Amino acid sequence: MAVQQQINKFIQGIGASPGIIIGKAYLLERFKVRLPQKRIGRGRVEEEVKRFLRAIEESQEQLMEIKERILDPEVRKHSFILDVHTMILKDEMLLQDTVDMIRKEEVNAEWALDLTLEKLDSAFKAIEDEYLRERRSDLHYVAARIFRNLLGKKHDDITKIKGKVIIVAHDLSPADTLQMDLEHVAGFITDIGGKVSHTAILSRSMGIPAVVGLEVATSLINGGDLLIINGETGEVVINPTEEVSQSFLERKRRTKPIGRETLKSASLPAETCDGVRVRLQANIEMVEEIPSAKMHGAEGIGLYRTEILYLNRKDLPTEEEHFQAYRGLVESVYPATATIRTLDIGGDKFLPGYSKNNELNPALGLRAIRFSLKETDIFKTQLRGILRASVYGKLRILLPMISGIEEIRQAKAILEEVKKGLVKVKIPFDEEIRIGAMIEIPSASDIADILAKEVDFFSIGTNDLIQYALAIDRINEHVSYLYEPLHPAVLRIIRWVVRSGHEAGIPVAICGEMAAEPVYAVVLLGLGLDEFSMNPLSIPKVKKVVRKLRFDESQSLVEQLFQFPTASEIECFLRSWMAKRFPEDFMECDPEESKH
Ligand code: PEP
Ligand code: MG
């Protein structure tokens, strides 16, 4: 049904993949199927089970066909996501629970599957980590395919699109994204999704401009509407006036040469004008992101989040699976170093068989290293995989959520035990493997001078550090105005951690989102950080700033910043300084805006 035509309507979403484009909307019907709920009676139960299993089989065949059709080797690299979806289709919990539901409740397959999904969904919803929560969408993509097959609905074929369009959909699965023909698809926008969904990650790797999380796109846009999308800022304009189109095109003209020029210099060393060298590295979740990380000038991986290995499955990853994943990682990153962070999740939230405690304060609960030290078999399996991979390149281990010295000592003792086991069976590993601590809990930063003697490097996780230091829930939008990276307390903590690290002779990295903000680069540089790890796309911009700065000026700026008592004053002073220093790239501070 057509919706009322919108004229010059601005909507705001989340920029998932940069690029400004103008094009005609192509509405893709996805996920909007009405599910029939019927009681079927005992006599029809087995027939219904068969119908369900047939839909599963059909879904598997479709995924296989999609995979076979991807010819472009660059795009093929991402096709493992289709394997993940095929694995979900074989998931015992999904299959057996649905079949049991059909038999027990005597309901149709659609209803039974919907009930099973609800159950699996609530387990996913409880997960606090944004990245892991996003993985829930994989389950939904798979379910939508099964529903469509049950209902005999045709899948809109994305490969048959003609002309050059902007796809508008409620949601897009990674399978959809993988099939996009860049000849015909200029970009896409969706109602739901976040920056770290597989679809968003893919769009960045494939270079397709995209905006996600628009909420109302499919209810406001008709097929054929003219759209402007800005994949960086997340802005979308429906049927823009000539004047608005021109201003976007002007912005596109202005940003393009900077983009190209910045990318060209991405591989240059991150060195200040007065010769101080820092290292800019990438945060990644999948090995598939490495080519993009390299293209954007990453000198190694500063944070490889390993949580994805534990997802979408009923069992735990085996040592061999860990080994293969880490070997792939270190080999592709070589000769640079890969930093592998051990499991960082409140284990009882999603690991099968570990849903014992329903924690009231999961952020303060059995998370990360605490979980690994409790479930030592799971930890040992991961460590064996890491150690075995260590001879295939350069890697170092990072321990998340360290709160005190005992945790490091215990983790190191377990590592030694695993090493001994490997020696016994003559499996080689890097005997000098470096081990680092994430500094993201105030108790750890307070004793950074003591901790520094126990580890080979520090990595400051500002996402959590700010949360715990300022008592601001990082995912609670009601207090997000208090989430201030430039809070004097945060700056003091970073200064102390860097000093402590350097006094003990170890490098200090930062791997929170703060590292990705070019305006903060001067502050972090002046504070003396050695390594900055961030999402790959931000590296060129940060590098550009670093290369234009002098280390001594960043140091004296930081000294001045410490004179101010509030984050908003610090921010305002900093932004004005940047605007004077780089007038073409940064704008003057608006004191009113910096208060909010
Ligand atoms: C951090 O806390 O800053 C960090 C990098 O870890 P995560 O965002 O995965 O908690
Ligand atoms: Mg963290």
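Residues numbered from 1 in each chain as written. Chains lettered and ligands numbered in written order. Predicted model: local features only at pLDDT ≥ 70, side-chain atom pairs only at ≥ 80, totals over all residues. Heavy atoms only, no water.

Undergrad: What is the right way to read the sheet that holds strand β11 (residues 337-341) from this model?
TA: Hydrogen bonding along the main chain pairs the strands of a sheet, whether they run parallel or antiparallel. Within the closed barrel, the eight strands sit side by side as β9-β10-β11-β12-β13-β14-β15-β16. Their pairing is parallel. Averaged over all adjacent pairs, the angle separating strand axes in this sheet is 25 degrees, with direction ignored. By the bridge criterion, three bridges tie strand β10 (residues 301-305) to β11 in an arrangement that is parallel. The partner of Tyr-304 across the bridge, within β11, is Ile-340. With respect to the sheet, helix α13 (residues 319-333) is in contact with β9 (279-284), β10, β11 and β12 (394-399), its orientation differing from that of β11 by roughly 150 degrees. The strands that helix α15 (residues 376-389) touches are β11 and β12; relative to β12, the one it contacts most, it runs at about 160 degrees. (Pairing = 2+ DSSP bridges. Helix = DSSP H or I, 4+ residues; strand = E, 2+ residues; numbered from the N terminus. Axes fitted to C-alpha atoms, helices over the stretch in contact; angles between N-to-C directions. Contact = heavy atoms within 4.5 Å.)

Undergrad: Would you mind showing me how to read the nonpolar core here?
TA: One broad rule of soluble globular proteins: the nonpolar side chains tend to lie buried together. Membership of the largest hydrophobic core comes to 99 residues, with the highest contact counts inside it found for Phe-458, Phe-532 and Leu-574. In this structure, Phe-458 is in contact with Ala-437, Ile-439, Ala-448, Leu-451, Ala-452, Val-497, Gly-501, Ile-506, Pro-507, Val-508 and Ala-509, ignoring residues within four places of it in sequence. Counting 51 residues, the second largest nonpolar core, distinct from the first, contains Trp-111, Val-142, Phe-188 and Ala-210. (Core = buried A, V, L, I, M, F, W, Y, C linked by side-chain atoms within 4.5 Å. Buried < 20%, exposed > 50% of the residue type's maximum accessible area, 1.4 Å probe, protein only.)

Undergrad: Explain helix α7 (residues 136-150) to me, please; I cannot follow it from the model alone.
TA: Spacing of three or four residues puts side chains on the same side of an α-helix, whose turn is 3.6 residues. Its 15 residues give α7 an end-to-end C-alpha distance of 21 Å, which sits within 8% of 21 Å, the value for a rise of 1.5 Å per residue. Of all 15 residues making up α7, 13 are buried, and the element is well covered by its neighbours. A positive backbone phi angle near 65 degrees is found at Gly-152, which sits one or two residues after α7. (Expected span 1.5 Å × (residues − 1).)

Undergrad: Please clarify how the sheet that holds strand β1 (residues 9-12) should be interpreted in this entry.
TA: In space, the eight strands of this open sheet follow the order β1-β8-β7-β3-β4-β5-β6-β2, with mixed pairing throughout. At either margin of the open sheet sits one strand with a lone partner, and together these are β1 and β2 (14-17). Pairwise comparison of adjacent strand axes, ignoring direction, gives a mean angle of 30 degrees for this sheet. As paired strands, β2 and strand β6 (residues 210-212) are joined by three bridges and run antiparallel to one another.

Undergrad: I would appreciate a short explanation of the site of ligand 1 in the present structure.
TA: Lining the immediate environment of ligand 1, one finds 13 residues, of which Arg-305, Arg-341, Gly-461, Asn-463 and Arg-474 sit closest. Taking Arg-305, its side chain carries an N or O atom lying 2.9 Å from an oxygen atom of ligand 1. Take Thr-462: an N or O atom from its main chain is 3.1 Å from an oxygen atom of ligand 1. Here ligand 1 has 280 Å² of accessible area as a free molecule, and 99% of this is covered by the chains. Listed by contribution, the elements that provide at least two residues to the shell around ligand 1 are β10 and α19 (462-470). Among the elements that line the shell around ligand 1, the one with the most residues is α19, at three residues. (Near = heavy atom within 4 Å. Polar contact = N/O pair within 3.5 Å; in protein donor to acceptor, adjacent residues only side chain to side chain. Areas by Shrake-Rupley, 256 points an atom, 1.4 Å probe, with all protein chains shown as cover.)

Undergrad: What is the right way to look at the coordination of the magnesium ion (ligand 2) in this model?
TA: Geometry sets the ideal angles at a metal, namely 109.5 degrees for four tetrahedral donors and 90 or 180 degrees for six octahedral donors. For the magnesium ion (ligand 2), the full set of protein donor atoms is Glu-440 (OE) and Asp-464 (OD), at a range of 2.1 to 2.2 Å. Of this pair, Glu-440 sits in the loop between β13 (434-439) and α17 (442-446) while Asp-464 sits in helix α19, placing them 24 residues apart in sequence. A relative accessible area of 2% means that Glu-440 is categorised as buried. Given the relative accessible area of 3%, Asp-464 is considered buried. (Donors = N, O, S within 2.8 Å, 3.2 Å for Na, K, Ca; no water.)

Undergrad: How should I be thinking about α19 in this particular structure?
TA: In terms of burial, α19 is a largely internal element, eight of the nine residues being buried. Buried within α19 we find Thr-462, Asn-463, Asp-464, Leu-465, Ile-466, Gln-467, Tyr-468 and Leu-470. Buried residues in α19 make contact with β10, β13, α17, β14 (457-460), α20 (488-503) and β15 (508-510). In the stretch just after α19, Ala-471 is the one whose phi turns positive, near 55 degrees.

Undergrad: I tried to follow the environment of Phe-551 on my own but got confused; where do I start?
TA: The topology assignment puts Phe-551 in helix α23 (residues 551-561). If near-sequence neighbours (up to four positions away) are discounted, Phe-551 is found in contact with Thr-272, Asp-274, Val-276 and Leu-525.

Undergrad: Explain the packing of α23 against helix α24 (residues 567-581) to me, please; I cannot follow it from the model alone.
TA: Geometry of a packed helix pair, given as the angle between the helix axes and the separation of the axes. Running from N to C, α23 and α24 cross one another at 150 degrees; their axes reach a closest spacing of 10 Å. Between α23 and α24, the angle is such that the two are roughly antiparallel. Of the two possible hands of crossing, α23 and α24 adopt the one that is right-handed. Taken together, the residues of α24 that come into contact with α23 (itself represented by Glu-553, Leu-557, Gln-560 and Leu-561) are Ile-570, Phe-573, Leu-574, Trp-577 and Arg-581. Split into classes, the residues belonging to the contact of α23 with α24 amount to six nonpolar, one polar and two charged. (Parallel < 35°, antiparallel > 145°, perpendicular 65-115°, else oblique. Left-handed = near helix turned anticlockwise from the far one by under 90°. Nonpolar A, V, L, I, M, F, W, Y, C, P; charged D, E, K, R; others polar.)

Undergrad: Honestly, the environment of Pro-442 in this entry has me stumped. Any pointers?
TA: The topology assignment puts Pro-442 in helix α17. With 23 residues separating them in the primary sequence, Pro-442 and Leu-465 have C-alpha atoms 6.8 Å apart.

Undergrad: Would you take a moment to explain the pattern of salt bridges for this structure?
TA: Think of it this way: side chains of opposite charge can pair up when their charged atoms draw near. A full pass over the atoms with the stated rule returns 29 salt bridges. For Glu-106, the salt bridge is made with Arg-42, and the minimal N-O distance between the two is 2.5 Å. Of this pair, Glu-106 sits in the loop between α4 (92-105) and α5 (109-125) while Arg-42 sits in the loop between β3 (20-28) and α1 (45-69), and the two are 64 residues apart along the sequence. The exposure class of Arg-42 is exposed, given its relative accessible area of 59%. The partner of Arg-409 in a salt bridge is Glu-454, with the nearest N and O atoms 3.0 Å apart. Separated by 45 residues along the polypeptide, Arg-409 in helix α16 (residues 405-424) and Glu-454 in the loop between α18 (448-451) and β14 bring together distant segments of the chain. (Salt bridge = Lys/Arg side-chain N within 4 Å of Asp/Glu carboxyl O.)

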